[in-house]
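Each chain, written out:
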Amino acid sequence: MNPERERWERKWAHKDHFSPIPLPYVRDHAHLLTGGTVLDIACGYGRNALYLAELGYRVTAIDFSETALRVLRKRADEQGLCLEILNHDVEEPGRIEALGRFDNVLVVRYKPSVALFRSLARQLAAGGILLLFSFRNRRSTYGDEIVQDWKLLGNEEYLRVCDDLEVVEHETVTFDGDDCDGYVFRKRPEVKGEE
Ligand SMILES: C[S@@+](CC[C@H](N)C(=O)[O-])C[C@H]1O[C@@H](n2cnc3c(N)ncnc32)[C@H](O)[C@@H]1O
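Quick notes on the rules
Residues numbered from 1 in each chain as written. Predicted model: local features only at pLDDT ≥ 70, side-chain atom pairs only at ≥ 80, totals over all residues. Buried ≥ 20, exposed ≤ 12 C-beta atoms within 10 Å, placed from the backbone. Helix = DSSP H or I, 4+ residues; strand = E, 2+ residues; numbered from the N terminus. Pairing = 2+ DSSP bridges. Core = buried A, V, L, I, M, F, W, Y, C linked by C-beta atoms within 7 Å. Contact = placed C-beta atoms within 7 Å. Near = placed C-beta within 6 Å. Nonpolar A, V, L, I, M, F, W, Y, C, P; charged D, E, K, R; others polar.

Novice: Looking at this structure, I do not really get the pairing of strand S9 (residues 178–187). What am I missing?
Specialist: Among the 10 residues that make up S9, seven are buried, leaving the element largely enclosed by the rest of the structure. The sheet contact formed by strand S5 (residues 124–135) and S9 spans seven bridges and is antiparallel. Bridge pairing links Ile 129 to Arg 186 in S9. Here strand S8 (residues 165–175) pairs with S9 via 10 bridges, running antiparallel. Bridged to Glu 166 within S9 is Arg 186. Hairpin remark: S8 followed by S9, antiparallel, with two residues in the connecting loop; positive phi at Asp 176, about 50°.

Novice: Help me out: how do you make sense of the nonpolar core in this one?
Specialist: Among soluble globular proteins, nonpolar side chains are generally buried collectively. In this structure, Ile 41, Ala 49, Val 105, Leu 130 and Leu 131 are the most contacted members of the largest nonpolar core, which totals 48 residues. Beyond its immediate stretch of four places on either side in the chain, Leu 131 contacts Val 26, His 29, Leu 106, Val 107 and Val 184.

Novice: What exactly am I supposed to notice about the site of the ligand here?
Specialist: Looking at the ligand, there are 18 residues lining it, with Trp 8, Ala 42, Gly 44, Phe 64 and Ser 65 nearest. For the shell around the ligand, the secondary-structure elements that each account for two or more residues are helix H1 (3–13) and helix H3 (47–54). Within the shell around the ligand, the residues separate by chemical class into nine nonpolar, three polar and six charged.

Below you can see the structure in the form of structure tokens.
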């Protein structure tokens, strides 16, 4: 098994409380979402995915931790919510393209590679919203663990990665004592007839 996947399985297996509450950033920006579908990347045990399903969105939630997804499936059943729940490595080439188009994409407390970020932008419908929210500096900790550099967002790192996306909002906020960056992107309309 990939060591990062193994690490997450261990982490989730030792967790004894799974909060039912969505992240404030997601709750506060949910009104910006559009259309009917949401792809939740690295959804974990799915508190954000469940919240959006409750709001009426058709949610596809994807993560590579079976332990976390088991919690999500159980909660979805208990709440009578129907989500598509997929166990995959989101960084695997071609994986996102195979899922088709989405009106909205959520990437929360996960730093996507630039390749994944560009795939997500391609799969977003015109006018669709991509919310990206994650840690940004070395003070950040997760549990008792220092978050490694490669998982931290650099200064304004995603502002100019993809020409298809316009930045609706970009802010640095404090979450649980950590500095985090939140970005709201909107997919630009496709320009017809351009060579
Ligand atoms: C900090 S948790 C965030 C969970 C959720 N987005 C939230 O904010 O509550 C990070 C999640 O990313 C998942 N993850 C990390 N790398 C992944 C990958 N390459 N493919 C799929 N999931 C991944 C882990 O299993 C873990 O559930």
